[in-house]
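Take a look at the letters that make up each chain.
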Amino acid sequence: FNADFRPHQKLPTREEVREALEARLQDMKQNGPKPDVLTFAGNGEPTLHPDFKEIVLDTQKLRNQYYPDAKISVLTNAWQLDKPAVLEGLLQVDNAILKLDSAIPSTLLNMNRPVSPTFNMDTLIEQLASFRGQCIVQTMFLRGAGVDNTTPAEIEAWLGALKRIQPSLVQLYSIDRKVPIEGLAHVGEEELKSIAAQVQKLGLKTLVTP
């Protein structure tokens, strides 16, 4: 439903991002707190910025200057991995956190609504596998309104994708805020832990957020 919430303001330039980040880091040096992680997140998809890779490199330099122990994380829907600069930028960060809500094309299309007419599930999984384990996979489980990615068939396909991707961590969670349509239901902690146990049998680490 992005059409209802499409922002109208211009993207900040690479220079504006760098200047704002440096000003914030300087303030933190004087007044605290000390950051553990610098995270690209918020409203929107960070990898859509035309200078994403360069902004990541700027952030690395500032991190190294001010807080060399801090990690750099990017939360992304993973739709831009076909762009070499995006992939290169993500490979530079400490935590590339990539969404994979289903490994069944029809379910993922229904949940995430990718706008690319060339979207292909096999290509997406191969792109995630190209990180060679240097990534975190994040999956949101839910059911209702014609969607359920917790069925045995869904879990089997998803586990197969994780086996191919071999991420360093798999984060499992469910909806925790107001949703745009009625009928979507939260998946409880115990069920998430049960799904996580199947992931762990693959030798992969998991993190469940209730």
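Located above this text is the structure these notes cover.
Residues numbered from 1 in each chain as written. Predicted model: local features only at pLDDT ≥ 70, side-chain atom pairs only at ≥ 80, totals over all residues. Heavy atoms only, no water.

### Focus: the pattern of salt bridges
Phase 1: Taken as a whole and assessed by the stated rule, the structure comprises 9 salt bridges.
Phase 2: Here Arg 164 makes a salt bridge to Glu 126, at a shortest N to O gap of 2.8 Å. Pair noted here: Arg 164 is in helix α6 (residues 152-165) and Glu 126 is in helix α5 (residues 121-129), with a separation of 38 residues, a long-range link.
Phase 3: With relative accessibility at 43%, the residue Arg 164 sits in the partly exposed group.
Phase 4: Here the salt bridges share partners, and the residues they tie into one network are Arg 143, Asp 148 and Glu 191. (Salt bridge = Lys/Arg side-chain N within 4 Å of Asp/Glu carboxyl O. Helix = DSSP H or I, 4+ residues; strand = E, 2+ residues; numbered from the N terminus. Buried < 20%, exposed > 50% of the residue type's maximum accessible area, 1.4 Å probe, protein only.)

### With respect to α5
Phase 1: All of the buried residues in α5 are Met 121, Leu 124, Ile 125, Gln 127, Leu 128 and Ala 129.
Phase 2: Sitting at the amino-terminal end of α5 is Asn 120, which places a side-chain oxygen 3.0 Å from the backbone nitrogen of Asp 122. (Polar contact = N/O pair within 3.5 Å; in protein donor to acceptor, adjacent residues only side chain to side chain.)

### Some points on the side chain of Lys 99
Phase 1: By the secondary structure assignment, Lys 99 is in strand β3 (residues 95-99).
Phase 2: Residue classification places Lys 99 among the buried positions, given a relative accessible area of 17%.
Phase 3: A polar atom in the side chain of Lys 99 sits 2.7 Å from the side chain of Tyr 173.
Phase 4: When residues no more than four places from it in sequence are discounted, the contact partners of Lys 99 are Thr 76, Asn 77, Ala 78, Gln 138, Met 140 and Tyr 173. (Contact = heavy atoms within 4.5 Å.)

### Considering the pairing of strand β2 (residues 71-76)
Phase 1: Of the pairings in the sheet, the one linking strand β1 (residues 37-40) to β2 comprises 4 bridges and is parallel in character. When the sheet's bridge partners are listed, Val 37 is paired in β2 with Lys 71.
Phase 2: The parallel pair β1 and β2, bridged by helix α2 (residues 52-66), forms a crossover whose chirality is right-handed.
Phase 3: As defined by bridge partners, β2 adjoins β3 across 4 bridges and the pair is classed as parallel. Looking across to β3, one finds that Ser 73 is bridged to Asn 95.
Phase 4: For the crossover that starts at β2, traverses helix α3 (residues 84-92) and ends in the parallel β3, the hand is right-handed. (Pairing = 2+ DSSP bridges. Right-handed = clockwise from strand over helix to strand, strands pointing away.)

### Thoughts on the side chain of Thr 150
Phase 1: Relative to the helices and strands, Thr 150 resides in the loop between β5 (147-148) and α6.
Phase 2: Of note is the side chain of Thr 150, whose polar atom sits 2.7 Å from the side chain of Arg 143.
Phase 3: Here the side chain of Thr 150 touches Asp 148 through a polar contact of 2.5 Å, side chain to side chain.
Phase 4: Non-local contacts of Thr 150, meaning those with residues more than four positions away in its chain, are made with Phe 141, Leu 142, Arg 143, Ile 155, Val 187 and Glu 191.

### So, α3
Phase 1: Listed in full, the buried residues belonging to α3 are Val 86, Gly 89 and Leu 90. For α3, the arc enclosing every buried residue in end-on projection is 95°, short of the 170-degree limit, so these residues lie on one face.
Phase 2: The inward-facing, buried residues of α3 contact α2, β2 and β3. (Arc of directions from axis to C-beta.)

### Quick look at the nonpolar core
Phase 1: Formed by 39 residues in total, the largest nonpolar core has its most connected members in Leu 90, Leu 100 and Trp 158.
Phase 2: By residue number, the principal contributor to this core is α6, which donates 6 residues.
Phase 3: By size, the runner-up hydrophobic cluster in this structure holds 8 residues, among which are Leu 21, Leu 25, Leu 62 and Ala 70. (Core = buried A, V, L, I, M, F, W, Y, C linked by side-chain atoms within 4.5 Å.)

### Considering the packing of α2 against α3
Phase 1: Following both chains from N to C, one finds α2 and α3 inclined at 20°, their axes separated by 8 Å at the closest point. Taken together, the axes of α2 and α3 are roughly parallel relative to one another. Pair α2 / α3 crosses with left-handed handedness. Residues Phe 52, Lys 53, Val 56, Leu 57 and Gln 60 of α2 form the contact with α3, whose own contacting residues are Ala 85, Val 86, Glu 88, Gly 89, Leu 90 and Gln 92. (Axes fitted to C-alpha atoms, helices over the stretch in contact; angles between N-to-C directions. Parallel < 35°, antiparallel > 145°, perpendicular 65-115°, else oblique. Left-handed = near helix turned anticlockwise from the far one by under 90°.)

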